[in-house]
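Next come the chains, spelled out residue by residue.
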Amino acid sequence: MTKKQLMKDPLNLVITGVGGQGNVMISLIIGNAFVRDGYIVTVGETYGASQRGGPVMSHMRISKETQYSPFIPDGCADIILGMEPVETLRMLGRYGNPRVITIINPRPIYSIDVTGGHAEYPDLDKLVEIVKELSAQTWIINATEEAQKMGSPMFANAILIGALIGSGVLPLDKKSVEPVLRETFPKEIEANLVAFNKGIKFVKS
Amino acid sequence: MANIEIDAPGTSQLFIGNEAIARGALEAGIGFAAAYPGTPSSEILGSLAQIAKKMNIYAEWSINEKVAMEAAAGASYAGIRSLAAMKQNGINVVSDFLANLVMSGTGKGGLVLVSCDDPSAISSSNEQDTRPIAKWLDIPLVEPGDFQEAKDMTKWLFDLAEELGTLCMLRSVTRIAHARGNVKLGELPNKQQKAYFEQIHDLKNVMPTRYIPIPSPVRHLFLHAKMDKALEKFESSLFNRYIGPDRADLLIITCGSCWLYSQDAIEALKLRDRVGILKLGTLWPLPEKFVMEHLNKSDKVLFVEEIDPFLERSVMELGGSFPPKAIRPTFYGKRSGHINAYGELNPDMVIKAVSTILGLTYKARDADYGKKAEAVAKSNVPERSMTFCAGCPHRATFWSIKNALKLDGHDGVVTGDIGCYSMALGPAGFFQVRTMHCMGAGVGVANGLGKLGQFGFNQPVLAVVGDSTFYHATIPALINGIYNQSNFILIILDNSATAMTGFQPHPGTGMTAMGEPTKVISMEALCRSLGARVEVCDPFDLNNTTAILLEMMAEGGGAKVAIMRRQCELVRAKKEKPPYKVRVDAERCIGEACGCDRLCTRIFLCPGLIWDKKTGKSKVDEVICNGCGVCVDVCPQGAIIKEAA
């Protein structure tokens, strides 16, 4: 792969999901890979109290010029990586625009409001259709399902990172990300590399 | 956490603000660091502790913020550069010591206090602004505007603190403390430190090495001289700067993360040629001359800051000294309603304020797309309320509390405080908790309720606290209850970690911040030594826990203690595989026909249990379930099955 330019400066990437899924982990891996490639990166995250089952999002601002704030302004996301489907839609509602690119893991995680009968989880097919409609381009990656086949839903993170890299929307290649993966998962690196490569493959097929 | 000790000067690292502060302290040659965990400050001490042995420094999790600050002052008196870090609430805990410390002065080692505020109280009980304490107590105060400054400013602040001989304070907020950005590293010092408390034994000249706040008026005068010197430094500090045109349509005065929001807003509105930004890094004493020089840049001035109007009021006070015929700019900010005086800010709020003042329109995205996206998100995205993790012992404890109170039938009251268990205010803990304030407050409140028998009060009183909170803030309140014979049960939710802030050890864990084994301060032995009846329960044993609580409530008398002991599920899950494989037997689950009102999915609300609309039965979400097996005892139909995993 050749070194590419940022499609826009700053490039605004939203990573979203549910507390505990691994948002922070993904933003750390992608962020570190960018900093090592000489970019200026800001990452804002919601976690802490919302670690426990709440909606979480990481805002990444990637630039060659300056240190941007840790908040993407409303309507200004370039890419949304959705680890959970309704959380992807929540982000599109606030940060989406006609140029936005989405990568979505279509595995629902039901909130206690839904299980308790106080809220309705939309039909999954309809949900994916809405996400597609609101995006310039959408990749659907069955990351959780594939990760479970590998033995643990946690491998979904490496699959999604692979999909993000494989999609070519970031000026990062495999070689920039792999060393960071090795440092992040020293014990389970082989399985995570397998997952990472699966993600790259899924997005290209 | 990142490796803050990496010896690679000139390289850029991706650090959260807290790691940058810790790195700045390392580059400054810090020897001693103490803190009590509190979001968003915890990673400062956390990242120092993990490299403390390697770097030959000392780091501790102190029992509370006051002791942390006092311990750091002790190190300063012996010539060691030292730091105490805390969240905004900690400043209240330590304020009594601070009011004396500013008078006594610090030792030969520079002493720095870091306070991390949490605008919008994202992980707090309140959103207190701690900057005013600097004005109140005469403490030189700085605030970094980005990640690089967080490191550079911390390093510089140690020099300043040492030169002035007074405590200096760095304030940060969540979006610097917990956000990540580029930090270019500097050199690490390489010098041996020697600690020695110098004393002058000549009785005619003891003052220089006596760290005391008296005689107070004289000490106060000394303090003011130190503040004058700080002001002199601040007037020429490079942490204060102006970017923008020589003459601007609008001047923004800002600090901290709002500096980043202001730049984003100007960029989004393409107003670089029309709007100037005066970014302040040294906030108190206010660099008056520097501010005055820039105030005439525009006849409109907007203050952008979180949370209180600290700069706004300070600059307006300065306005009082303008010459009588001076042209006064129009001030915009919290007073005018252009910037919220509550909650955290973001670039969009600054965009809105600037657009309103300058009469501009701003459109981030196509209007039709925006309307559609908002509408479909609103109608399709369900709420996602916070809850305890799957397998959390707190859920089991509050289940037993709920059932025991119901069976007791005297309308018992649960008082609480801040921690993961604060979520028991809502559906996660079955709405059991009725009061929540600062750490340990529930036990103090219970002391009062438990003494109202003479007024006909007969409701049982249960005060819940976390294990770390027990050591931090409840021991005097428990002693008060035993001494004054107040009738309440102290329930300690002992999950063997300071879970909400990142699983830091505490005196009950037998481990220090630096990973050394130490004595376990047994909470049951401590409480028994005070003469309290103490029961230790496994919260996963719902029947036994409920029975013990019922019996303790019936017994009455003075303060009693029930310890709910079960490791935090997040800690357990990191080390071990789930104990059980849990499933719902679709034959036995009869859904809505059961008459239990879907106890498992509508009331118990563990996120590991979901409701399958198609089959009308409960189901285990194997991605979420941690296999604790507690729900097996919740189902009246015996439809939830656990098998050893």
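These figures come from a predicted structure and were not determined experimentally. (Residues numbered from 1 in each chain as written. Chains lettered and ligands numbered in written order. Predicted model: local features only at pLDDT ≥ 70, side-chain atom pairs only at ≥ 80, totals over all residues. Heavy atoms only, no water.)

A word on the overall build of chain B
The secondary structure content of chain B amounts to 21 helices and 24 strands. With the principal axes as the frame, chain B shows a C-alpha extent of 80 × 80 × 60 Å. Within chain B, the proportion of its 645 residues that are buried is 59%. Accessible surface, chain B as shown: approximately 26,300 Å² in total, 53% of it carbon and sulfur. The centroid of the 69 positive side-chain charges in chain B is displaced by 1 Å from the centroid of its 69 negative side-chain charges. (Helix = DSSP H or I, 4+ residues; strand = E, 2+ residues; numbered from the N terminus. Buried < 20%, exposed > 50% of the residue type's maximum accessible area, 1.4 Å probe, protein only. Areas by Shrake-Rupley, 256 points an atom, 1.4 Å probe, with all protein chains shown as cover. Lys, Arg positive; Asp, Glu negative; His and termini not counted. Charge placed at Lys NZ, Arg CZ, Asp CG, Glu CD.)

Notes on the domain arrangement of chain B
In terms of domain boundaries, chain B breaks down into domain 1 (12-235), domain 2 (241-358), domain 3 (393-574) and domain 4 (577-644). Computed from C-alpha coordinates alone, the two centres of domain 1 of chain B and domain 4 of chain B are separated by 51 Å. (Domains from an automatic or database assignment.)

As for the interface of chain A and chain B
Listed per partner, the contact involves 69 residues of chain A and 58 residues of chain B. Approximately 5,300 Å² of surface area, both sides summed, lies buried where chain A meets chain B, with 57% of it carried by carbon and sulfur atoms. Our enumeration of links across chain A and chain B arrives at seven salt bridges. Across the pair Glu45 of chain A and Arg180 of chain B runs a salt bridge whose closest N-O atoms are separated by 3.1 Å. (Contact = heavy atoms within 4.5 Å. Buried area = accessible area lost by both parts, 1.4 Å probe. Salt bridge = Lys/Arg side-chain N within 4 Å of Asp/Glu carboxyl O.)

Looking at the packing of helix H10 (residues 257-268) of chain B against helix H13 (residues 347-358) of chain B
Residue and element names in this part refer to chain B. Direction vectors running N to C along H10 and H13 enclose 55°, while the axes themselves pass 8 Å from each other. In terms of their interaxial angle, H10 and H13 are classed as oblique. The hand of the H10/H13 crossing is right-handed. Note on element contacts: H13 touches H10 through Pro347, Val350 and Ile351, opposite Tyr261, Ser262, Asp264, Ala265 and Ala268. (Axes fitted to C-alpha atoms, helices over the stretch in contact; angles between N-to-C directions. Parallel < 35°, antiparallel > 145°, perpendicular 65-115°, else oblique. Left-handed = near helix turned anticlockwise from the far one by under 90°.)

A word on a nonpolar patch on the surface
There is a patch of nonpolar side chains on the surface, built from Val218, Leu221 and Phe222 of chain B and spanning about 290 Å² of accessible area. Residue placement: Phe222 of chain B occurs in helix H9 (residues 216-235). (Patch = residues over 30% accessible without salt bridge, like charges linked within 9 Å, V, L, I, M, F, W, Y side chains within 5 Å.)

Remarks on the sheet that holds strand S10 (residues 250-254) of chain B
Residues and elements named next belong to chain B. Sheet architecture is open: five strands sit in the order S9-S11-S10-S13-S14, paired in mixed fashion. One side of each edge strand has no neighbouring strand; the edge strands of this open sheet are strand S9 (241-243) and strand S14 (330-332). Each strand axis lies, on average, 20° off the axis of its neighbour in the sheet, ignoring direction. In this structure, S10 lies alongside strand S13 (residues 300-304), joined through four bridges in parallel fashion. For Ile253, the partnering residue across the bridge sits in S13 and is Phe303. Contacts from helix H12 (residues 310-319) reach S10, S13 and S14, with the element oriented near 140° to S13. (Pairing = 2+ DSSP bridges.)

Focus on the environment of Val112 of chain B
Residues and elements named next belong to chain B. With respect to the helices and strands, the residue Val112 is situated in strand S5 (residues 111-117). Taking C-alpha positions, Val112 is 9.6 Å from Leu160, a pair spaced 48 residues apart along the chain. Discounting residues that sit within four places of it in the chain, Val112 has contacts with Ser82, Leu83, Ala84, Leu157, Phe158, Ala161, Leu167 and Cys168.

Details of the nonpolar core
All names here are of chain B. By size, the foremost hydrophobic cluster in this structure holds 69 residues, and its most contacted members are Phe398, Phe470 and Ile491. Here this core gets six residues from one element, more than from any other, and that element is helix H15 (residues 393-408). Excluding its chain neighbours within four sequence positions, the residues that come into contact with Phe398 are Phe388, Tyr421, Ala424, Gly429, Phe430, Gln432, Val433, Val464 and Leu493. By size, the runner-up hydrophobic cluster in this structure holds 49 residues, among which are Phe32, Ala84, Val94 and Phe322. (Core = buried A, V, L, I, M, F, W, Y, C linked by side-chain atoms within 4.5 Å.)

Things to note about the packing of helix H5 (residues 88-104) of chain B against H9 of chain B
Residue and element names in this part refer to chain B. Running from amino to carboxyl end, H5 crosses H9 at an angle of 75°, the nearest separation of the two axes being 8 Å. With respect to each other, H5 and H9 are oriented roughly perpendicular. For the pair formed by H5 and H9, the contact residues are Val102, Met103 and Ser104 on the first element and Ser216, Arg219, His220 and Leu223 on the second. Here the residues of the contact of H5 with H9 are counted per class, giving three nonpolar, three polar and one charged. (Nonpolar A, V, L, I, M, F, W, Y, C, P; charged D, E, K, R; others polar.)

Re the pattern of salt bridges
The tally for this structure, following the rule as stated, stands at 50 salt bridges over all chains. With a shortest N-O distance of 2.7 Å, Glu87 of chain A and Arg90 of chain A are connected by a salt bridge. With Glu87 of chain A and Arg90 of chain A both in helix H2 (residues 85-95) and three residues apart, this pair spans about one turn of that helix. Of the charged contacts in the structure, one is a salt bridge between Lys149 of chain A and Glu146 of chain A, with a shortest N-O distance of 3.1 Å. Remark: Glu146 of chain A and Lys149 of chain A occur in helix H5 (residues 143-150); sequence separation between them is three residues, near one turn of the helix. The network of salt bridges with shared partners includes Asp117, Asp129, Arg131, Glu143, Arg171 and Glu305 of chain B.

Topic: the packing of aromatic side chains
A ring pair, where both rings are aromatic, is described by two values, the distance of the centres and the angle of the planes. Residue and element names in this part refer to chain B. Inspection of the entire model under this criterion finds 16 aromatic pairs over all chains. Judged by centre distance (3.9 Å) and plane angle (15°), the ring pair of Tyr77 and Tyr211 falls under stacked. On the criterion of sequence distance, the pair formed by Tyr77 in helix H4 (residues 65-77) and Tyr211 in the loop between strand S8 (180-184) and H9 is long-range, its members being 134 residues apart. Arranged with centres 5.8 Å apart and planes meeting at 70°, the rings of Phe197 and Tyr211 form a pair that is edge-to-face. (Phe/Tyr/Trp six-rings, centres within 6.5 Å; stacked < 30°, edge-to-face > 60°.)

Points about unusual backbone geometry
With an omega dihedral of 0°, the bond running from Asp9 of chain A to Pro10 of chain A counts as a cis peptide bond. Along the chain, Pro10 of chain A turns up in the segment before strand S1 (11-18). Cis geometry marks the peptide bond from Trp284 of chain B to Pro285 of chain B, where omega comes out at 0°. Assignment of secondary structure puts Pro285 of chain B in the loop between strand S12 (282-284) and helix H11 (288-295). Backbone geometry places Asp138 of chain B, a non-glycine residue, at a positive phi of 60°. Secondary-structure assignment places Asp138 of chain B in the loop between helix H6 (132-137) and strand S6 (141-142). Here Asp597 of chain B, not a glycine, exhibits a phi torsion of approximately 60°, which is positive. Positionally, Asp597 of chain B belongs in the loop between strand S21 (580-584) and helix H21 (599-604).

What about the sheet that holds strand S7 (residues 168-173) of chain B?
Residues and elements named next belong to chain B. The sheet built from seven strands is open, its strands ordered S3-S2-S4-S5-S7-S6-S12 with mixed pairing. Looking along the sheet, the strands with just one partner apiece sit at the ends: strand S3 (58-61) and S12. Strand direction decides the pairing type here: S6 and S12, joined by two bridges, are antiparallel. Residue Leu141 lies in a different strand from S12, and its bridge partner there is Trp284. Here H4 sits on the sheet in contact with strand S2 (32-35), S3, strand S4 (82-87) and S5, set at roughly 165° to S4.

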